[in-house]
Every structure is written in C-alpha cells, then in structure tokens.
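Each chain is listed here by its residues.
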Amino acid sequence: MIDTKNGSGDLYANLGDYDICSLSAPYDVRKYLALINEAEKIGYDTIIIDSLSHAWNGEGGLLDMQGRIATSSRSGNSYAAWRQVTPWHNKLIDAMLSSSCHIIATMRSKTEYIQVDNDRGGKEIRKVGLAPVQREGMDYEFGTVFDLTADHSATVSKDRTGIFDGTIFTITQETGKNLKNWLE
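Residues numbered from 1 in each chain as written. Predicted model: local features only at pLDDT ≥ 70, side-chain atom pairs only at ≥ 80, totals over all residues. Heavy atoms only, no water.

A. Representation of helix H3 (residues 62-72) within the structure. Of the residues making up H3, those classed as buried are Leu-62, Met-65, Gln-66, Ile-69 and Ala-70. Looking down the long axis of H3, one finds its buried residues gathered within 130° of arc, a one-sided arrangement. Those residues of H3 that are exposed and aimed more than 90 degrees away from the buried face are Thr-71 and Ser-72. (Buried < 20%, exposed > 50% of the residue type's maximum accessible area, 1.4 Å probe, protein only. Helix = DSSP H or I, 4+ residues; strand = E, 2+ residues; numbered from the N terminus. Arc of directions from axis to C-beta.)

Structure representation (structure tokens):
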C-alpha cells in the first residue's frame, strides 16, 4: 500500500497481511512512479494507492507544479504550463496501466449540490453527483470504478467485469474475491 494519508493504512491491518509505504508531501508524481517501479521489482501482485488524489491536488502534486511553472514563466500563461505538466500525468497513467501489478487506487470525491423545490412547497438541497478529485477523465483509465457514498454504499460507474453492474452494495472481502476470480 502506498499510503498518502499519514498512517491510515495501518487502520486496516486486521484485514490481512500487507506492507505499507508512507508517502508524504511533496506528492510529486515521480515518487508515485518510483514506488510503483519498486513494488514491481520486489514482485508484489497488487498495489493499493491510497490516495491518488494527492498526486493531482496535494502539495507538490500536478496542480501545484502547474501553478509554479505558470508563476515563474515570463508570460504567466497558466495554459502553456500544462505542456510541462501533462507529460507527467501521462507517465503516471502509463505506469499504472502497464504495471505487472494489479492496481487499486482510491480518489477523494467532490460532491455537487443543487437547490430544488420539494413536494411541500419549500426548497431542499440535493446531492447530484460525485467526481473524483483528479484530472478529468482519470476514472476512465480503470477497469472498475466504485463510487462510495457517506453511508458506505457502493455503486459502479464503470465495470468491465460485468459482476457489479446495476447493484448497490457494501464492499466486503467477498468483493475482492470476486474481482480476483475475474482477473484470474
């Protein structure tokens, strides 16, 4: 497990035997790349990245890199700074997709709320969706994407396995076993 959350990986030690590598700020993509490479060399079957969002918006992450490049350029053009940042984002995606390890990555989500009329003639706030805190489209790079609600219910926004389509469930060890069986 690549743990970017200050030791939170230890909270799940009762679920099984695994190794934890703590990753702290700055969350430079090169650190993620080095850890993925090292895990492959050691021979791990699976890498859990908790959380991939830090590579995007954490201190030293890609958004931070883009801001520093834009600020230090003569033009201050923030759009042009992406020419230097996007290749690092692509390297991270390529490393995950081409890894000899199975990769599970968590990403924080941002919630969008809207105000709507309710059936009592008043207004209420309604949650309308979730999006990962990551570069747009990152969730499409994965074979399966579980969206978790505050009450720990999982829905699936992408499922190449066909196992979870249309279901709402709580993730358990059985979920992992089903994924493993599909992968094998």
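B. Geometry of the sheet that holds strand S7 (residues 144-148). Ordered by their spatial adjacency, three strands build an open sheet running S7-S8-S9, and the pairing between neighbours is antiparallel. A single partner strand is all that each edge strand has here, and the edge strands are S7 and strand S9 (169-170). As paired strands, S7 and strand S8 (residues 153-159) are joined by five bridges and run antiparallel to one another. Bridge pairing in S8 places Val-145 opposite Lys-158. (Pairing = 2+ DSSP bridges.)

C. Here's a closer look at the confidence of the model for the protein. For the protein, per-residue confidence averages 92 on the pLDDT scale, and residues scoring 70 or more make up 100% of the total. For the protein, strand S6 (residues 123-132) is the element with the lowest average pLDDT, namely 80, and helix H1 (residues 29-42) is the one with the highest, namely 98. (pLDDT = per-residue confidence, 0-100.)

D. View of the sheet that holds strand S1 (residues 2-3). Read from one edge to the other, the open sheet built from four strands follows the order S2-S1-S3-S4, with strand pairing classed as parallel. In this open sheet, the two strands that pair with only one neighbour each are strand S2 (21-22) and strand S4 (102-105). Note that S1 and strand S3 (residues 46-50) share two bridges and pair parallel. Bridging across to S3, Asp-3 finds its partner in Asp-50. Packing against the sheet, H1 makes contact with S1, S2 and S3, and its axis sits at approximately 160° to S3. (Contact = heavy atoms within 4.5 Å. Axes fitted to C-alpha atoms, helices over the stretch in contact; angles between N-to-C directions.)

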